[in-house]
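# Analysis of the macromolecular model
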Amino acid sequence: MNPAKKLVIKVTAGADAPERCSQAFTVAAVAVASGVEVSLWLTGESAWFALPGRAAEFELPHSAPLPDLMESILAGGGITLCTQCAARRDIAQKDVLDGVRIAGAQVFVSEIMADGVQALVY
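Throughout what follows, the structure given in this document is the object of discussion.

Calculation notes
Residues numbered from 1 in each chain as written. Predicted model: local features only at pLDDT ≥ 70, side-chain atom pairs only at ≥ 80, totals over all residues. Heavy atoms only, no water. Core = buried A, V, L, I, M, F, W, Y, C linked by side-chain atoms within 4.5 Å. Buried < 20%, exposed > 50% of the residue type's maximum accessible area, 1.4 Å probe, protein only. Helix = DSSP H or I, 4+ residues; strand = E, 2+ residues; numbered from the N terminus. Contact = heavy atoms within 4.5 Å. Axes fitted to C-alpha atoms, helices over the stretch in contact; angles between N-to-C directions. Parallel < 35°, antiparallel > 145°, perpendicular 65-115°, else oblique. Left-handed = near helix turned anticlockwise from the far one by under 90°. Pairing = 2+ DSSP bridges. Right-handed = clockwise from strand over helix to strand, strands pointing away.

### Some details on the nonpolar core
- Counting residues in each nonpolar core, the largest one holds 34 residues, and the members touching the most others are Phe25, Leu40, Leu42, Phe49 and Leu81.
- When contributions to this core are tallied by element, the ones reaching two or more residues are β1 (6-11), α1 (18-33), β2 (37-42), α2 (66-76), β3 (78-82) and α3 (83-88).
- Discounting chain neighbours no more than four positions away, the residues touching leucine 40 are Ile9, Val11, Ala24, Phe25, Ala28, Ile73, Gly78, Ile79 and Thr80.
- Listed in part, the five residues of the second largest apolar core include Val8, Trp41, Phe108 and Val117.

What follows is the structure, given as structure tokens:
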């Protein structure tokens with residue numbers, strides 16, 4: 001079995017499902033630290049974490065701080081905010097953290113269909 005060259009993670013949960021949310025960010029950060037190319041997609045309630053200061057409001061006992069995980073992911077991978085999710089929350093590119101891009105389903109599909117990609121949804 002060949003290891004994935006890239007890991008695409010789509011996280012749909014935010015503060016509404018903190019354990020699932022934390023798992024997605026933790027897996028993404030560990031993958032980056034392991035040398036895997038990572039693309040983390042923020043959709044649904046996780047879209048709010050694209051805004052400055054919002055990750056710092058997230059709390060889950062016995063989990064790594066979300067701002068630290070996001071910093072690691074941005075340093076060695078990429079974070080994308082879903083276009084429709086951003087629009088539904090009135091979030092524009094000018095509003096998001098440095099390094100976070102806004103892109104839509106066409107980009108997501110092209111990422112997950114590339115050779116050597118493993119995709120996860122949380």
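Following the structure, the description resumes.
### What about the environment of serine 22?
- With respect to the secondary-structure elements, serine 22 resides in helix α1.
- Discounting chain neighbours no more than four positions away, the residues touching serine 22 are Phe58, Leu60 and Ser63.

### Some words on the side chain of lysine 6
- Within the secondary structure, lysine 6 sits in strand β1.
- The class of lysine 6 is buried, set by a relative accessible area of 16%.

### Focus: the packing of α1 against α2
- The interhelical angle for the contact between α1 and α2, taken along N-to-C directions, is 40°, at an axis separation of 9 Å. Between α1 and α2, the interaxial angle falls into the category oblique. Along this stretch, α1 crosses α2, giving a crossing that reads as left-handed. Counted together, Phe25, Thr26, Ala28, Ala29 and Val32 of α1 and Leu66, Leu69, Met70, Ser72, Ile73 and Gly76 of α2 form the full contact between these two elements.

### A word on the pairing of β3
- Buried residues dominate β3, accounting for four of its five residues.
- Pairing of β2 with β3 involves four bridges; the strand directions are parallel. Looking across to β3, one finds that serine 39 is bridged to glycine 78.
- Taken together, β2, α2 and β3 constitute a β-α-β crossover, and its handedness is right-handed.
- Note that β3 and strand β4 (residues 100-103) share four bridges and pair parallel. Residue isoleucine 79 lies in a different strand from β4, and its bridge partner there is valine 100.

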